[in-house]
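If you want the building blocks of each chain, they are given just below.
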Amino acid sequence: MSSHRTTPNPDRGRGSAAVSRRGIVRMGTALGAMGFLATATPASAAGDAPVDDPAPRKPILVGANPGLQLFDGSGSCTAYVSTWQVEWSTHGAGNAFVLWRPDGVRAVGEDPHLTLWLADHFVRHFPELDGLPWSAPRFHRSAVQVRLDLASGLRAWGGGIDVSMAEVLDRRAFATDRFPLAGVDHSLSLVFGPCGRARARVDGRVQPGGISRGGTPDRPSSSAFLAAAEVWRA
């Protein structure tokens, strides 16, 4: 269930030292800049106020966080699924889903402490959801199974959610010290793998919409992406 539409909105990170998750997805389309290890330029170099020194920041999460965003024909988001495979964090370890749809937010995992932290600290502030309503997540206790392979893609399921991604188009390293969550800059590094095909089922029904693909043959982008070797520091 893929789409070759260009991503509907311009790159949010353009003209700014801050780099967002949406920028990770879109830079290949808007800037052709996803083929290198990108560390955000310090604000002082851009003529702005100096940013906080990121050196003392400590890891708060280590793991993987693939994302899948679907759009209808008008460019409106029909669903966003954030899949988490947390090897270690300040709030524990485990797998989880955070699902956004127009009818609300579902958080699925075995540990509510971890799962709701992922939803509230991270996902609700991801730029994929800019301008979209956020409601208090409905927690659903369930085991979540995640099989992630940078060679072949993703299969994850649990709690009525089933996500698959395939046709990995590229693998690129990315890093920034200016990823804002609730107005606080975090450091983020990961390996990014845009995918050419993806599908999500919720409670047995295929979710409507398609993925957004763009970029160039050398630097493709997609709104279905793997994010592995992910480290957040704050």
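Note that this is a predicted model, so its numbers are computed, not measured.

Analysis parameters
Residues numbered from 1 in each chain as written. Predicted model: local features only at pLDDT ≥ 70, side-chain atom pairs only at ≥ 80, totals over all residues. Heavy atoms only, no water. Helix = DSSP H or I, 4+ residues; strand = E, 2+ residues; numbered from the N terminus. Buried < 20%, exposed > 50% of the residue type's maximum accessible area, 1.4 Å probe, protein only. Contact = heavy atoms within 4.5 Å. Areas by Shrake-Rupley, 256 points an atom, 1.4 Å probe, with all protein chains shown as cover. Pairing = 2+ DSSP bridges. pLDDT = per-residue confidence, 0-100. Phe/Tyr/Trp six-rings, centres within 6.5 Å; stacked < 30°, edge-to-face > 60°. Core = buried A, V, L, I, M, F, W, Y, C linked by side-chain atoms within 4.5 Å.

**So, the overall build of the protein**
Inference 1: A tally of helices and strands in the protein yields two helices and 15 strands.
Inference 2: Considering the protein as a whole, with its 234 residues, one finds that 50% of them fall into the buried category.
Inference 3: Of the contacts formed within the protein by residues at least 6 apart in sequence, a portion of 65% connects residues at least 24 apart.
Inference 4: Taken as a whole, the protein presents about 10000 Å² of accessible surface, with 50% of it coming from carbon and sulfur.

**Topic: the pairing of strand S8 (residues 153-158)**
Inference 1: Relative to S8, strand S7 (residues 145-149) is paired through five bridges, and the arrangement is antiparallel. The residue of S8 that forms the bridge with Asp149 is Gly153.
Inference 2: In sequence, S7 turns back onto S8 through a hairpin of three residues.
Inference 3: The loop that links S8 with its antiparallel partner strand S9 (residues 161-168) comprises two residues; one of these, Gly159, has a positive phi angle of about 65°.

**Topic: the pairing of strand S11 (residues 184-202)**
Inference 1: Relative to S11, S9 runs antiparallel, the two being bridged by seven bridges. Along S11, the bridge assignment pairs Val168 with Cys195.
Inference 2: Hairpin geometry of strand S10 (residues 172-181) and S11 is characterised by an intervening segment of two residues between the two adjacent antiparallel strands and by a positive phi of about 55° at Ala182.
Inference 3: As judged from the seven bridges shared by S11 and strand S15 (residues 224-233), these two strands associate in the antiparallel manner. The residue bridging Ser187 from the neighbouring strand is Arg233, located in S15.
Inference 4: In this sheet, strand S12 (residues 205-206) lies alongside S11 in antiparallel orientation, the contact comprising two bridges. Note on S12: the bridge partner recorded for Val202 is Arg205.
Inference 5: Counting the residues that bridge the hairpin from S11 to S12 gives two residues, and of these Asp203 lies at a positive phi of roughly 55°.

**Concerning the confidence of the model for the protein**
Inference 1: When pLDDT is averaged along the protein, the result is 84; 78% of the residues meet or exceed 70.
Inference 2: Every residue in residues 1-50 scores below 50 in pLDDT, and together they form 127 contacts with partners more than four places removed in sequence or on other chains.

**As for the packing of aromatic side chains**
Inference 1: According to the stated counting rule, one finds eight aromatic pairs in the structure shown.
Inference 2: Between the aromatic rings of Phe179 and Trp232, the centroid separation amounts to 5.0 Å while the plane-to-plane angle is 85°, which identifies the pairing as edge-to-face. Here Phe179, found in strand S10, pairs with Trp232, found in strand S15; they are 53 residues apart in sequence, far enough to count as distant. Just as Phe179 is buried, Trp232 falls in that class too.
Inference 3: The rings of Trp84, Trp117, Phe122, Phe126, Phe179 and Trp232 are connected pair by pair, giving a single aromatic cluster.

**What to know about the nonpolar core**
Inference 1: The biggest cluster of nonpolar side chains holds 27 residues, and the ones touching the most others in it are Leu61, Trp84, Leu118, Phe122, Phe126 and Trp232.
Inference 2: The set of elements that each furnish at least two residues to this core consists of strand S1 (59-64), strand S3 (77-89), strand S4 (94-101), helix H2 (112-122), S10, S11 and S15.
Inference 3: Broken down by element, the residue count for this core peaks at five residues, all from H2.
Inference 4: The contacts of Trp232, once residues within four sequence positions are left out, are Lys58, Pro59, Ile60, Leu61, Trp84, Phe122, Phe126, Phe179, Leu181, His186, Ser187 and Leu188.
Inference 5: With 22 residues, the next largest nonpolar core counts Val108, Ala156, Val168 and Cys195 among its residues.

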